[in-house]
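# An overview of the molecular structure
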Amino acid sequence: MSRPDLNLLFTLDVLLAEGSVAGAARRLRLSPSAMSRALARLRETTGDPLLVRAGRGLVPTPRAIELRAQVGQLVRDGEAVLRPAERLDLKQLVRTFTLRTSEGFVENFGPDLIARIGDEAPGVRLCFVQKSDKDSKPLRDGLVDLETGVVGQSTAPELRAQALLRDRFIGVVRMGHPLSQGEVTPSRYAAGRHVYVSRQGVDKGPIDEALRAVGLERKIVTIVGGFSTSLALARASDLIASVPERHTGNLREGMYSFPLPVSTPEITISLLWHPRLDADPAHRWLRGHVRNVCAALR
């Protein structure tokens, strides 16, 4: 089987971006007839018409729409490989990176990360934004540079992901709460009044499944959207909060924490970014610092 002409990737990228043979010919500095011949080769190679006549213009086929993002990324990756490596001058780097994180990340890992970044690159600013959902659109649209969270079914498949740390859920109550004294058994834990964290408004999770396996059910009296809110309520009442241990270390100061009396699966917190930034030297440098900070505080 003969190898395809990889030069056609660049031609296809421009054609799909322009949606016009004449426009693509101008960008590639080819004659319209040469561009038409290139389109004919692409149609033969892919087995798809790619662009079809609609009135006076051309519209992409479903196959062309499917290929557009993939081809664009392949072209950018190829250009990055062939481009001379840039020497990153951190002292002269002026840039703002936006990080979308869950509650607790900034409080626990932010101070060390900000200090490290400031020491090496004083012109770099970190902008932390709250992660209110698991939508991958901010990364796809370039509104966010990095994100932390648990990779799930809703995570866009093209995103890059690297594990940062593993975490487990624990119980947290105010000092002086009945559970701060004596053994915390499944029945004692389930008998209390609980605050549940859910961004989607659901009221059941792995802890409830584990309790159900031993014939118990806890009473959830309120649902909130974040861990800091649940801990604030537990700090000021007899409510029981169940939160990830490492993510909430500083938030739990002055409170009583205990291992859950039932077995629940650990969660893996990952660092996510869009592949368009994979080869960016400054972005690689920032990713390295995030990984190192999380490793140091495990």
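It should be noted that the structure appears before, not after, this text.
Per chain, residue numbering runs from 1 following the sequence as it is written. Local features in this predicted model are restricted to residues of pLDDT 70 or higher, and side-chain atom pairs are both shown and tallied only at a pLDDT of 80 or more, whereas totals for entire chains, interfaces and linings draw on every residue. Hydrogens and water molecules were not included; the side-chain quantities draw on all heavy atoms of the structure.

### Describing the packing of aromatic side chains
- For Phe, Tyr and Trp, where Trp contributes only its six-membered ring, two rings pair if their centres lie within 6.5 Å, and the inter-plane angle classes them as stacked under 30 degrees, edge-to-face over 60, or tilted in between. Inspection of every chain in the model, using the stated rule, returns four aromatic pairs.
- Here the aromatic rings of phenylalanine 105 and phenylalanine 109 are separated by 5.0 Å at their centres, their planes lie at 45 degrees, and the arrangement is tilted. Taken together, the positions of phenylalanine 105 and phenylalanine 109, both in helix H5 (residues 105-120) and four residues apart, correspond to about one turn of that helix. For the pair shown, phenylalanine 105 and phenylalanine 109 are each scored as buried.
- Only lysine NZ and arginine CZ atoms are considered, and such an atom sits over a ring when it is within 6 Å of the ring centre and within 35 degrees of the ring normal. Taking NZ or CZ as reference, arginine 287 lies 4.3 Å from the ring centre of tryptophan 273, over its face. Segments assigned H or I by DSSP are reported as helices when at least four residues long, segments assigned E as strands when at least two residues long, and all are numbered from the N terminus. The buried label goes to any residue with under 20% of its type's maximum accessible area, the exposed label to any with over 50%, and the partly exposed label to all in between, with areas taken from a 1.4 Å probe on protein chains only.

### Structural notes on the layout of surface pockets
- Roughly 900 Å³ of volume is contained in the largest pocket.
- Listed by contribution, the elements that provide at least two residues to the lining of the largest pocket are strand E8 (193-197), helix H8 (206-213), strand E10 (240-244) and strand E12 (267-273).
- Broken down by element, the lining of the largest pocket gets its largest block of residues, three residues, from E8.
- Ten residue types, Ala, Val, Leu, Ile, Met, Phe, Trp, Tyr, Cys and Pro, are classed as nonpolar, four, Asp, Glu, Lys and Arg, as charged, and the remainder, Gly among them, as polar. Of the residues in the lining of the largest pocket, the class split is 14 nonpolar, twelve polar and seven charged. Points on a 1 Å grid over protein atoms alone make up a cavity when a 1.4 Å probe fits among them but cannot get out, and a pocket when they form an open set with protein on both sides within 12 Å along at least five of seven lines; lining residues each have an atom within 4 Å of a point. Grid points are joined across faces, edges and corners, and a volume is the space filled by probe spheres set on the points.

### Thoughts on the side chain of histidine 274
- Looking at the element boundaries, histidine 274 is found in the loop between E12 and helix H10 (281-296).
- Pairs of residues are marked as contacts when any of their non-hydrogen atoms sit within 4.5 Å. The residues contacting histidine 274, other than those within four sequence positions of it, are Gln73, Leu139, Arg140, Glu158 and Leu159.

### Things to note about the pairing of E8
- DSSP calls a pair of strands paired once it identifies at least 2 bridges connecting them. Note that E8 and strand E9 (residues 219-224) share five bridges and pair parallel. Paired with histidine 194 across the bridge in E9 is isoleucine 220.
- Both E8 and E10 contribute to a ladder of two bridges, which runs parallel. The residue bridging valine 195 from the neighbouring strand is alanine 241, located in E10.

### Notes on the state of the cysteines
- Here, the term disulfide refers to a pair of cysteine sulfur atoms separated by no more than 2.5 Å. Following the criterion strictly, the structure yields zero disulfides and no others.
- Just so you know, cysteine 127 is unpaired, no disulfide at all, and the nearest cysteine sulfur is the one on cysteine 294, 18 Å from it.

### What about unusual backbone geometry?
- At arginine 29, a position not held by glycine, the phi torsion is positive, near 60 degrees.
- Topologically, arginine 29 is positioned in the loop between helix H2 (21-28) and helix H3 (32-46).
- Classification of arginine 29 by relative accessible area gives exposed; the value is 80%.
- One non-glycine residue, leucine 50, adopts positive backbone phi at about 65 degrees.
- Counting through the fold element by element, leucine 50 comes out in the loop between H3 and strand E1 (51-54).
- Taking relative accessible area as the criterion, leucine 50 reaches 1% and is therefore assigned buried.

### Considering the side chain of aspartate 167
- With respect to the helices and strands, the residue aspartate 167 is situated in strand E6 (residues 160-167).
- Of the buried charged residues, aspartate 167 lacks a salt bridge, with arginine 246 as the closest side chain of opposite charge at 5.2 Å.
- Pairing of N or O atoms within 3.5 Å defines a polar contact, subject to two protein rules: one partner must be a possible hydrogen donor and the other a possible acceptor, and residues neighboring in sequence count only if both atoms are side-chain atoms. Separated by 3.1 Å, the side chain of aspartate 167 and the backbone nitrogen of histidine 247 make a polar contact.
- In this structure aspartate 167 touches Pro244, Glu245, Arg246, His247, Glu266 and Ile267, once residues within four positions along its chain are discounted. Charge counting treats Lys and Arg as positive and Asp and Glu as negative, with His and both chain ends excluded. Salt bridges, as used here, are contacts in which a Lys or Arg side-chain nitrogen is within 4 Å of a carboxyl oxygen on Asp or Glu.

### Observations regarding the nonpolar core
- Only buried residues count toward a nonpolar core. Its members are Ala, Val, Leu, Ile, Met, Phe, Trp, Tyr and Cys residues joined through side-chain atoms within 4.5 Å. One finds Phe97, Val124, Leu126, Trp285, Leu286 and Val290 to be the most contacted residues of the largest nonpolar core, which totals 24 residues.
- Those elements that provide at least two residues to this core are strand E3 (95-101), H5, strand E4 (124-130), E6, E12 and H10.
- The greatest single-element share of this core, amounting to six residues, is contributed by H10.
- Excluding residues within four positions of it along the chain, valine 124 makes contact with Leu93, Arg95, Phe97, Ile117 and Trp285.
- The next biggest cluster of nonpolar side chains, apart from the first, holds 18 residues, and it includes Ala24, Ala38, Leu39 and Leu42.

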